[in-house]
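# Observations on the three-dimensional arrangement
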Amino acid sequence: MSSPSTSIITSITKGKAVGLPLLSNATLNPHAPLGKWLLGTSTLVFGMVHIGGVTRLTKSGLSMTDWKPLGSRPPITLDEWTVEFERYKQYPEWQQRQQMTLEEFKYIFYWEWGHRMMGRVVGLVYGVGWAYFTWMHRPNLVRAVESSSSSSFIPKSITSAIPPGYQSRLAVLFAMGGTQGLVGWWMVKSGLGEDRRGDRNEIRVSPYRLASHLGMAVGTYSLLVWTGLGALSFPVDRYAIIANKVALKEKSAETLSMLQQYTKNLSPNALRHAQKVRGGVVTTVGLTGLTILSGAFVAGNDAGNAYNTYPLMNDQWIPVEDMVDPEKVPKWRNLFETTATVQWNHRVLGTATALSAVGVAAYGLIHPMGRASLATMGRSSTTPQVRRGLVAVGTAATAQMSLGIATLLNYVPINLAATHQLGSLVVLTCGLYTAHSLRYASRSVMSKVAIGNVSKVVSGGSGSGGIVKGPAVVSKAPKLK
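Everything numeric in this text was worked out from a predicted model, so none of it was measured.

Right, let's talk about helix 7 (residues 207-232) for a bit. If you check helix 7, its first and last C-alpha atoms are 37 Å apart, about what 26 residues at 1.5 Å a residue would give, namely 38 Å. The element helix 7 is extensively covered by neighbouring structure, given that 19 of its 26 residues are classed as buried.

Time to look at empty space enclosed by the protein. On inspection of all chains with the given rule, the structure shows four cavities of 30 Å³ or more. By volume, the second largest cavity is sized at about 70 Å³. Grouping the constituent residues of the lining of the second largest cavity by class yields four nonpolar, two polar and four charged.

Of all hydrophobic cores here, the largest spans 63 residues; its most connected members are Leu34, Trp37, Leu38, Tyr126, Leu170, Leu428 and Tyr440. Ignoring anything within four residues of it in the chain, the contact list for Leu428 reads Val218, Tyr221, Ser222, Val285, Thr288 and Ile292.

With that settled, the discussion passes to the environment of Thr353. Here Thr353 shows up in helix 14 (residues 339-366). Of the residues examined, Thr353 reaches a relative accessible area of 7% and is grouped as buried. Expressed as a C-alpha distance, the spacing of Thr353 and Thr288, which sit 65 residues apart in the sequence, is 6.0 Å. Discounting chain neighbours no more than four positions away, the residues touching Thr353 are Thr284, Leu287, Thr288 and Thr291.

Further remarks concern the pattern of salt bridges. Pairing between side chains becomes possible if they bear opposite charge and their charged atoms approach one another. As enumerated under the stated definition, the model contains ten salt bridges in all. The shortest N-O distance in the salt bridge between Glu93 and Arg97 comes to 3.3 Å. Between Asp237 and Arg439 there is a salt bridge, and its shortest N-O distance comes to 2.8 Å. Separated by 202 residues along the polypeptide, Asp237 in helix 8 (residues 234-238) and Arg439 in the loop between helix 16 (414-437) and helix 17 (443-449) bring together distant segments of the chain. Asp237 gets classed as buried once you look at its relative accessible area, which sits at 7%.

With that settled, consider the packing of aromatic side chains. Under the counting rule described, the total for this entry stands at 23 aromatic pairs. Aromatic pair Phe105 and Phe109: ring centres 5.8 Å apart, planes at 50°, arrangement tilted. Of the two residues, Phe105 and Phe109 are both situated in helix 4 (residues 102-135); the distance of four residues between them amounts to about one turn of the helix. Owing to a relative accessible area of 0%, Phe105 belongs among the buried residues under this scheme.

Between its first and last C-alpha, helix 6 (residues 166-189) extends 35 Å over 24 residues, near the 34 Å set by a 1.5 Å rise per residue. For helix 6, the full list of buried residues reads Tyr166, Gln167, Arg169, Leu170, Leu173, Met176, Gln180, Val183, Gly184, Met187 and Val188. Considering only its buried residues, helix 6 is in contact with helix 2 (32-57), helix 4, helix 7 and helix 8.

Our next topic: the side chain of Thr55. Within the secondary structure, Thr55 is located in helix 2. According to the relative accessible area criterion, Thr55 is buried, its value standing at 3%. Polar contacts involving the side chain of Thr55 include one to the main-chain carbonyl oxygen of Ile51, which spans 2.7 Å. Not counting residues up to four positions away in its chain, the partners in contact with Thr55 are Ser60, Gly61, Trp111, Glu112 and His115.

It is at 8 Å that the axes of helix 14 and helix 15 (residues 384-409) come closest, and there the two elements cross at 155°. Regarding the angle of helix 14 to helix 15, the classification is roughly antiparallel. Seen from above, helix 14 lies across helix 15 with left-handed handedness. Contacts from Gln343, Arg347, Thr351, Ala354, Ala357, Val358, Val360, Ala361, Gly364 and Leu365 in helix 14 reach Arg387, Leu390, Val391, Val393, Gly394, Ala397, Thr398, Met401 and Leu408 in helix 15. Class assignment of the residues belonging to the contact of helix 14 with helix 15 gives a composition of twelve nonpolar, five polar and two charged.

Cut-offs used in this document
- Residues numbered from 1 in each chain as written.
- Predicted model: local features only at pLDDT ≥ 70, side-chain atom pairs only at ≥ 80, totals over all residues.
- Heavy atoms only, no water.
- Helix = DSSP H or I, 4+ residues; strand = E, 2+ residues; numbered from the N terminus.
- Expected span 1.5 Å × (residues − 1).
- Buried < 20%, exposed > 50% of the residue type's maximum accessible area, 1.4 Å probe, protein only.
- 1 Å grid on protein atoms, 1.4 Å probe; cavity = no way out; pocket = protein on both sides within 12 Å on 5 of 7 lines; lining within 4 Å.
- Points joined across faces, edges and corners; volume = space filled by probe spheres on them.
- Nonpolar A, V, L, I, M, F, W, Y, C, P; charged D, E, K, R; others polar.
- Core = buried A, V, L, I, M, F, W, Y, C linked by side-chain atoms within 4.5 Å.
- Contact = heavy atoms within 4.5 Å.
- Salt bridge = Lys/Arg side-chain N within 4 Å of Asp/Glu carboxyl O.
- Phe/Tyr/Trp six-rings, centres within 6.5 Å; stacked < 30°, edge-to-face > 60°.
- Polar contact = N/O pair within 3.5 Å; in protein donor to acceptor, adjacent residues only side chain to side chain.
- Axes fitted to C-alpha atoms, helices over the stretch in contact; angles between N-to-C directions.
- Parallel < 35°, antiparallel > 145°, perpendicular 65-115°, else oblique.
- Left-handed = near helix turned anticlockwise from the far one by under 90°.

Written out as structure tokens, the structure is:
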């Protein structure tokens, strides 16, 4: 006999899938509009990272020598372009690019200007959206009740698309976006300083500041994706399934969310397998993040244009003699500033990420506990969402490693290098989705399922993120991190 959660999920998905689906239909999930907006904003950030990568690859990042918080239009007339070009000539980079024409300057200027303005567009989209969902948008629960036979588990007291506790996440995201602009200018200033005059090496921004800028962007993107997925799955994770009308009146009745019910139905062996898969996926996500940061140091040191062989680095597995520059003090700087060391680090981390992704995908998909045939009974250690995620993360990581090798062997052409950077975000996205899909194997959820009484009367969503408007049965499942 199927559980209440399985029955409701099956009806929600019209019998096409079980597991723990994301609910993007507002009639089934009053928080769906927020989730879709967050994921849409993350797509803009994804595009902004791409434009930033091309800006770096075309060496355009130092073409704008000032910064205005609200931005400005680009030069239009010949006189305006001449003034801007003369301003650029006052800074150190011009010493190494004195053959540049005005038309060439326009090309690099537009890349940097476009990157900055897109950042402001992302900030505007986010700020306006946050204000709209906080003070204006209200879920149409009447329409939901009329159009969905499964709406009985949706609390009638919900007054906002913002789930309880999510306002703080939205505030953090807003702060991260604002900080990103400041970090970007801090990075650019490292290539404009007077101390760079007479520098015989190519003028570049500080690799440490470049890594900070990229890391902040990737962190913002990740939190947007995770929070968006959380909003789309909030009813599945938090709203209790009421098996019958009597259960609602009996305080002693045990009410579980779909998420908790799925965890409870799994056998101990299936749970152990799911936990191991989740640990492997989280490890892959962590390795992906480290690999992205190491890639920033490769870019910051222009390390991709050396040792353009694979798998050996100039006929050596580890070019020890090239990895330590005695002039760099303290010696730890070699990890981030010496070409051979920086590239070797990126190779090792990239390989480890790919092996981790393929390994956890194989373990999750082939293991007997993860068989798809068990999914119809709600007893498989891997849901359909998890299996899709494992296939995606294994495939994406393999393709990303292949793309990285091709980029290296071809001496970092702009098209391959830009695609390689985007590929890292694809791997990260697949990993985040899979980790989120495995939330039923988290310790916090399992600990709550083990408690006898796991229901509690709390408020629904509100514009302020939790104002009580009336009773609503919501599962006491923890907020997933």
